[in-house]
Amino acid sequence: DAKTTQPTSMDCAEGRAANLPCNHSTISGNEYVYWYRQIHSQGPQYIIHGLKNNETNEMASLIITEDRKSSTLILPHATLRDTAVYYCIVRDSSNDYKLSFGAGTTVTVRA
Amino acid sequence: DAGVIQSPRHEVTEMGQEVTLRCKPISGHNSLFWYRQTMMRGLELLIYFNNNVPIDDSGMPEDRFSAKMPNASFSTLKIQPSEPRDSAVYFCASSLRGGRSNEQFFGPGTRLTVL
């Protein structure tokens, strides 16, 4: 019962922006979009989240379409340390403790 | 801030033995989670505690698994008896429920191998 669809993998050049897409066409009004990443041999790490407005923090930007059926995580200047599996998660505010991790997108940043 | 602390980092045991994994959440956090990660099933939530009380244990695979949180700064996940299919990386995470983002902070994980 996947709520999100992400590409399996993508490559990105070091220093360039990495744009990671996510489809969540069945998202409902009270569900947030969260992004986490998992660097090899580490625990997942929170990146950013949003409801309907675009969000930016020190790590990334999150662009959510007006119909909220898809979003894009933007890493503005990818570095080799950004190589990781990136998870897009739709999270219900009524069960706000639940994070359902799918397969994610394996992002490889190349020099 | 030391982050979430888990021990041991690696555990190798034989089938039938008892295994105890330990977790110290971030001070001040009121929610604690145990996850399991395998290649086949990905990252799965096993159990969620809020204010030291188990709220959702629907992800605990079977009676061989048990988790406790005797106080706000310590939790254990026990497997008795262990089986080879329990081999996985077990993560503990904590969060401040009601905080701005409900962000979960994950520990480094315990890699369990059951022979």
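About the criteria used
- Residues numbered from 1 in each chain as written.
- Chains lettered and ligands numbered in written order.
- Predicted model: local features only at pLDDT ≥ 70, side-chain atom pairs only at ≥ 80, totals over all residues.
- Heavy atoms only, no water.
- Helix = DSSP H or I, 4+ residues; strand = E, 2+ residues; numbered from the N terminus.
- Buried < 20%, exposed > 50% of the residue type's maximum accessible area, 1.4 Å probe, protein only.
- Polar contact = N/O pair within 3.5 Å; in protein donor to acceptor, adjacent residues only side chain to side chain.
- Contact = heavy atoms within 4.5 Å.
- Buried area = accessible area lost by both parts, 1.4 Å probe.
- Salt bridge = Lys/Arg side-chain N within 4 Å of Asp/Glu carboxyl O.
- Core = buried A, V, L, I, M, F, W, Y, C linked by side-chain atoms within 4.5 Å.

(A) View of the side chain of B:Ser82. Residue and element names in this part refer to chain B. One can find Ser82 in the loop between strand S8 (74-79) and strand S9 (88-95). Classification of Ser82 as buried rests on a relative accessible area of 1%. Polar contacts involving the side chain of Ser82 include one to the main-chain carbonyl oxygen of Gln17, which spans 2.7 Å. Setting aside residues no more than four positions away along its own chain, Ser82 makes contact with Thr13, Glu14, Met15, Gly16, Gln17, Val19, Arg64 and Val114.

(B) Fine view of the interface of chain B and chain A. Listed by partner, the interface residues are 17 residues for chain B and 16 residues for chain A. Taken over both partners, the interface formed by chain B and chain A buries close to 1,400 Å², and the fraction arising from carbon and sulfur atoms is 48%. Counting the surface chain B buries against chain A, the share from its top three residues, B:Leu43, B:Asn102 and B:Phe106, is 29%. Along the contact surface separating chain B from chain A lie one salt bridge. The interface formed by chain B and chain A contains five residue pairs in polar contact (both at pLDDT 80 or more).

(C) A look at the nonpolar core. Counting residues in each nonpolar core, the largest one holds 22 residues, and the members touching the most others are A:Leu20, A:Trp35, A:Ile47, A:Leu73 and A:Tyr86. In terms of residue count, strand S8 (residues 84-92) of chain A provides more of this core than any other element does, four residues in total. When residues no more than four places from it in sequence are discounted, the contact partners of A:Leu20 are A:Met10, A:Trp35, A:Ser71, A:Thr72, A:Leu73, A:Tyr86 and A:Val107. Counting residues in hydrophobic clusters, the runner-up holds 21 residues, among them B:Leu21, B:Trp34, B:Ile47 and B:Phe65.

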